Amino acid sequence: MRFEWLTHLLSIQWRVSLPLFCLFGLSQAESGTTDEAGLDFYERRIRPVLVKHCYECHSANAKSIQAGLRLDSTSAIRVGGDSGPVIDPGRPNQSLLVDAVSYSGDVSDMPPSGKLPKRLVEDIRKWIAMGAPLPDDDSPHGPQPRKSVPIEQGRTFWSFQPLKVQKLPDVTMRNWPERPLDRFVLRKLEDHGFQPASSAKRRTYIRRVSFDLIGLPPTLEEINRFVSDRSENAFERLIDRLLASPHYGERWSRHWLDVARYAEDNPTSEDTCRPPLYPWPYRDWVIRSLNDDTSYDEFVRRQLAADLMSELAPAQVAATGFLGISPVYHKEPRLSAQVISVIAADEWDERLDTVTRGLLGLTVACARCHDHKFDPIRMEDYYALAGVMASTQLVEWPLVETSLAEATALTQTREAIVDYEQRVNYAEQMQTAAQIEQRPGEVYEMLVQKHQETLDALKQRALFTGPIANAVRDAGVWVDGRDPDWTVMEYRAGEPRDLPIFIRGNPNNHGKVVRRRFIEVLSNDPPRPFHQGSGRLELADAVFTDAQALAARVIVNRIWGWHCGQPLVRTPSNFGAQGDRPSHPKLLDNLARRFVAHDWSLKWLHREILLSATYRQGSRGHNETKGQTADPENRLLWKMNRLRLDPEVWRDAVLAVCGRLDPAMFGKSENLDEYDNRRRTIYGRVSRQTNSSVLQLFDFPDGKRHVDRRILTTTPVQQLYFLNSPFLLQHSALLSENCDHATSAAVQQLFLTILLRRPDGDELENVENLLDSASSRQTGLQLLAHSLLASNEFLFVD
Amino acid sequence: MAVLPDTPTYGTRREALRSLGAGISSVALADLLFTNQASGSIAPMQHFVPRAKHVIFLFMRGGPSHLDLLDPKPLIKTYAGQRPESVKLRTERVTRGLMPSPFKFRRYGQSGTEVSDLFPNIGQCVDDICVLRSVVGGNPNHAPAGNWMFSGRIDQIHPTLGAWMSHGLGTENRNLPGFVSLRKVATPSRYVRHGYLPGEHQATPIDVSQDTPDQMIAHLQNSKLAPADQHHQFDFLQQLNRKHQAGRGNDAVLEARIRSMETGFRMQFTAGEACDLNLETQSLRQSYGEGWFADGCLLARRLVERGVRYVQLEINQWDHHSDINRKIREATREVDQPIAALLKDLKQRGLLDETLVVWGGEFGRTPVSENGNGRDHNHYGFSMWMAGGGIRGGMTYGATDDFGFKAVKNIVTVHDLHATILYLLGLDHERLTYRYSGRDFRLTDIHGNVVEDIIA
């Protein structure tokens, strides 16, 4: 029998009644003999109950074992406790265990927190009646919290290894490889008896690579130029042209913004979590940095700590929007400091999770309540990094040189205004209550007046009016519960905060204090405590020194996935034991190593992949039947994956073929559902609450938390959008109105504009039928344009 | 560009298939794709014999006062205006002394369940209803408490009940979505999110305050094209797509979109039919009464009748911080008759046995007054009710303390409620999981027990 116990305890809201363990995914045991059926019954129905309801006091791991009774191993169950055996196999009525859980007999009622549901009591009776079958294995296994993964042993895991030099493998089809990575792919294909697919046609390739790099279709002229370019470096020149386009940053910034869970508001919008006022400078910073080919390590370093890098221009502070636009949750001042502490801890958790899964592919957040069950990550590691988040304040910050006082006044004033608005409101409530109940209310009246005066004065303050971004700065974050009626957050600039371990994840139950530092298993030496302010810059440096190999693998894998539709490691944000293993480990290492050697240049990496014979393959396999049978997921890369356009690329493409796309770059976001908004989708407003319909319908991530990759769905409600949305109706009408007067020329023109090709004979016949049956010629052309825009050919990339 | 399902995503066959269809569960989808035959529901994830197939959740957003509706507490009158130690519980706002309810409670039906005069019609149905008087929520503020009620957590991240159901059971009707959200506005409620579950489990929002189906569902109908033109266009589009596909080795992803396009095209008419309340008789419509909420109840019945798994109907008018006696009277007047009509209608059609109806808010209200004439939020103990779908009617379960502030007997947590609802649908809340962010998540987090005593 095999069990899969996932004993995670990640409770967003910590509650006193938390059972010690939680169980998921108990897999169906294989069926077998009667003995096995009995054991199966025990494992599926009894042990989980013991774990959940009894282990807290009756297991080896209990704080103190009660009544000398352990229920976590076969021998212990048979022996019983201080009162003797608790089960009498075959005789439930004689068994103390049954008395205890039925709340009958002379024994204590168990569990003390409340009677078990009847069904569970019946299960226990039934199991004893069956003879109380127990497994031979005496070790307390299964749901026992496993011992933490030892650090030294953990270091041997594949993703923590240094990047090794990988010899290029020998291959038979020597002429096929174009780039070093092709040798790895081809060798594997040959080992499995596969042949690569033939190369994509040039017009297919240019369409693919244009959408891929700049998120726009090629023009007819660009296609023709490339198709007829017989020069030796035609492919290189095409890629270089696209990489040099400012549209490259507009396309690729969106990939990164998915990782950074960028959005322009918060999951809710109460007083203390109103939308950030200046989110888009971060988005613009990402676009510019990618266009400049800022090396990836520097790109990340600035996002974590540009405010701490004195050599940078003030405008670079926009980079820290990565953390500065993190989701903020409402902190109702009327709630107790204990409750607000949980909310603050949730915010730190989300940020830590984005940093660790996003940059390192590690689920460090699993170690919030206990050591990680599968990876060598300790609670100490979690709280060492959570301390960095607890030493970082989300602020509005000027993008030009100003005085510190002027800069800090921005956030301080805004938060004080919110606070005093709430205070006035609350005092007014008290005043009204007093009035109704005919009690003296002068004290509240005075409070209202006093707070209102403070509020008015705050609103009069002159604030910096130049360019501003939502960013971060160093300041320790505390929950101030001194006033029992009014809980507020307190920020202490220049006073970083080391957090204690929150026992079982409860921020109100403190263990030992952990110094802020990097994750132990990834550190070359014992991790050094951070001592420059919050430690964000030291954290960034550690990612690219101590954890260099992992960080490089993670980003190379992401880039590969964004190009090819499937990453080499299919869990791009989980490179831990529970994650996927790479399909081509040597390729990944080889590419990652050379990427680091090429100064972490993303444009270098794009070239390596896009110019490879692997990427140049067609999307139809050499032997499709064999491929579909032997490797339906195309893990071996026997062809290029056919891809569906992301919603933002699709919208931009429609605007482009209609000649309406506004090329203006940067600036404040606009509503995507407005017909008059002709700007690229990257400049559209993105929300953690309600997104524009095109984004919402087509699997756009919601920005509430880091997601490792987009998961595509195909639903009828989406198709209603293609059939009936104003966006399609308006654009198909526009295209048909701008057509040539002669019908046949108009048809050719629509095919060329939208599908970048001429119709063939069959298609012309179908078009003719359509035009004949339509209520008017103009309508017919509109129907044609609409169909082409809604077609699979337009939506998919071969 | 993102992954396509012919390069299946990491994980199971279920995941590999999920992108292909109409929010249809994977096995049903495989059926749709590969055998092309009509069939009834196929529910691959059922763990128990289901008692119910559908859920209608009547969500009284804002927090209706159990003390004025379902949980009589005569002792409040005795201590009116006082603040005994047991009512000094911390709530969202400032509260004062105990405030009795002015509404009379009566015993209804054979069971004699007590219901206040504000619910005279629902009172007639008590023999089908189990009133839970000991529900405990998770938070005293609206949004987190609402999240708690629908996703078992206070945050905005986790999937809600309807999405979990869609994930577990799929839809019964390929021409309609499995999860529908009915409100007075066109945007979906915040309590119907699919979270990290695939997008096919998102709710389809229907604005029931609109008169016609095409106003109720976004993009349902074509505002510009004549039906005949649209038909021609659809035929042409599918010819184009077929030809495109034929040249590409009959790719399953391309096939899925062609099929899905067909379903979408048909949905214009089927959903239009489902949402067209004018197809009901005048006398039946009268029995539901007037107003958008009455229409919502009727539409909920039409949808479950057509195989929609989960319908969430929300009415946001229960946050009675002041002047509660007047406001709650108005609020109940709008919902009492339609809800009772829905129960009777379902029963009369034999649908109540397979449809679980759940009624309640994100919390109840305090026995102590706010502003002298209102009641504050109370998540310590409040009432909800369930009917049909395997529920034992004609009973009350659990109890609050003498003043109705805190649940004290047979406590039902929201996780218990979820576990019970899933159980009635044939789903084990501990086994209905989804892997996200490196681990398996469930609706009930690490909590929840099925409340067996209320199951028929």
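Residues numbered from 1 in each chain as written. Chains lettered and ligands numbered in written order. Predicted model: local features only at pLDDT ≥ 70, side-chain atom pairs only at ≥ 80, totals over all residues.

(A) View of the overall build of chain B. Helices and strands together make up the secondary structure of chain B, namely 14 helices and 17 strands. Here chain B, with 456 residues, has 64% of them falling under the buried criterion. A separation threshold of at least 6 residues defines the contact pool for chain B, and within that pool the share at least 24 residues apart is 71%. (Helix = DSSP H or I, 4+ residues; strand = E, 2+ residues; numbered from the N terminus. Buried ≥ 20, exposed ≤ 12 C-beta atoms within 10 Å, placed from the backbone. Contact = placed C-beta atoms within 7 Å.)

(B) Spatial organisation of helix 20 (residues 585-597) of chain A. Residues and elements named next belong to chain A. Taking 1.5 Å as the rise per residue, helix 20 with 13 residues should run 18 Å; its terminal C-alpha atoms sit 18 Å apart, in good agreement. Those residues of helix 20 not exposed but buried are Leu-587, Leu-588, Asp-589, Asn-590, Leu-591, Ala-592, Phe-595 and Val-596. Considering only its buried residues, helix 20 is in contact with helix 6 (180-191), helix 19 (548-564) and helix 21 (602-610). Of the residues one or two after helix 20, Asp-599 is the one with positive phi, at around 55°. (Expected span 1.5 Å × (residues − 1).)

(C) Representation of the environment of Leu-323 of chain A within the structure. All names here are of chain A. Relative to the helices and strands, Leu-323 resides in helix 13 (residues 321-324). The exposure class of Leu-323 is buried, given the 24 C-beta atoms found within 10 Å. Distance from Leu-323 to Arg-254, taken between C-alpha atoms, is 17 Å for residues 69 residues apart in sequence. Ignoring sequence-local partners within four residues, the contact set of Leu-323 consists of Arg-351, Thr-392 and Val-472.

(D) Molecular detail of the interface of chain B and chain A. At the interface, 80 residues of chain B touch 85 residues of chain A. Within the residue set of the side of chain B that touches chain A, elements represented by two or more residues are helix 9 (227-246), helix 10 (252-275) and strand 17 (439-442) of chain B. The dominant element in the side of chain B that touches chain A, judged by the number of residues it contributes, is helix 9 of chain B, at 11 residues. Per-class residue counts for the side of chain B that touches chain A are 29 nonpolar, 31 polar and 20 charged. (Nonpolar A, V, L, I, M, F, W, Y, C, P; charged D, E, K, R; others polar.)

(E) The arrangement of the packing of helix 9 of chain B against helix 10 of chain B in detail. Residues and elements named next belong to chain B. The contact between helix 9 and helix 10 brings their axes to 10 Å, and the two run at 170°. The angle between helix 9 and helix 10 falls in the class roughly antiparallel. Contacts from Phe-234, Gln-238, Asn-241, Arg-242, His-244 and Gln-245 in helix 9 reach Leu-254, Glu-255, Ile-258, Met-261 and Phe-265 in helix 10. Here the contact of helix 9 with helix 10 is composed, by residue class, of five nonpolar, four polar and two charged. (Axes fitted to C-alpha atoms, helices over the stretch in contact; angles between N-to-C directions. Parallel < 35°, antiparallel > 145°, perpendicular 65-115°, else oblique.)

(F) Summary view of the environment of Ala-252 of chain B. Its place among the elements puts Ala-252 of chain B in helix 10. On a C-alpha basis, the gap between Ala-252 of chain B and Val-136 of chain B in space is 47 Å, while along the polypeptide they are 116 residues apart.

(G) Structural context of the sheet that holds strand 3 (residues 488-493) of chain A. All names here are of chain A. One open sheet holds the three strands; their spatial order is 1-2-3, and the pairing between them is antiparallel. Strand pairing shows two members of the sheet lacking a second neighbour, strand 1 (392-398) and strand 3, which therefore form its edges. Geometrically, the sheet is characterised by an average inter-axis angle of 50° between neighbouring strands, direction not taken into account. Bridge count between strand 1 and strand 2 (residues 468-480): seven bridges; the pairing is antiparallel. Considered in strand 2, the bridge of Glu-396 is made with Asn-470. (Pairing = 2+ DSSP bridges.)

(H) Representation of the pairing of strand 2 of chain A. Residues and elements named next belong to chain A. Strand 2 sits mainly inside the fold: 11 of its 13 residues count as buried. By the bridge criterion, six bridges tie strand 2 to strand 3 in an arrangement that is antiparallel. Across the sheet, Asp-480 pairs through a bridge with Val-488, a residue of strand 3.

(I) How the structure looks around the packing of helix 12 (residues 292-305) of chain B against helix 13 (residues 324-348) of chain B. Residues and elements named next belong to chain B. Contact pair helix 12 / helix 13: the axes reach a minimum separation of 9 Å and the direction vectors enclose 15°. One element, helix 12, and the other, helix 13, form an angle in the roughly parallel class. As for the relative orientation of helix 12 and helix 13, their crossing is right-handed in sense. For the pair helix 12 and helix 13, the contacting residues are Phe-293, Ala-294, Cys-297, Ala-300 and Arg-301 in the first and Glu-334, Val-335, Pro-338, Ile-339, Ala-341, Leu-342, Asp-345 and Leu-346 in the second. (Left-handed = near helix turned anticlockwise from the far one by under 90°.)

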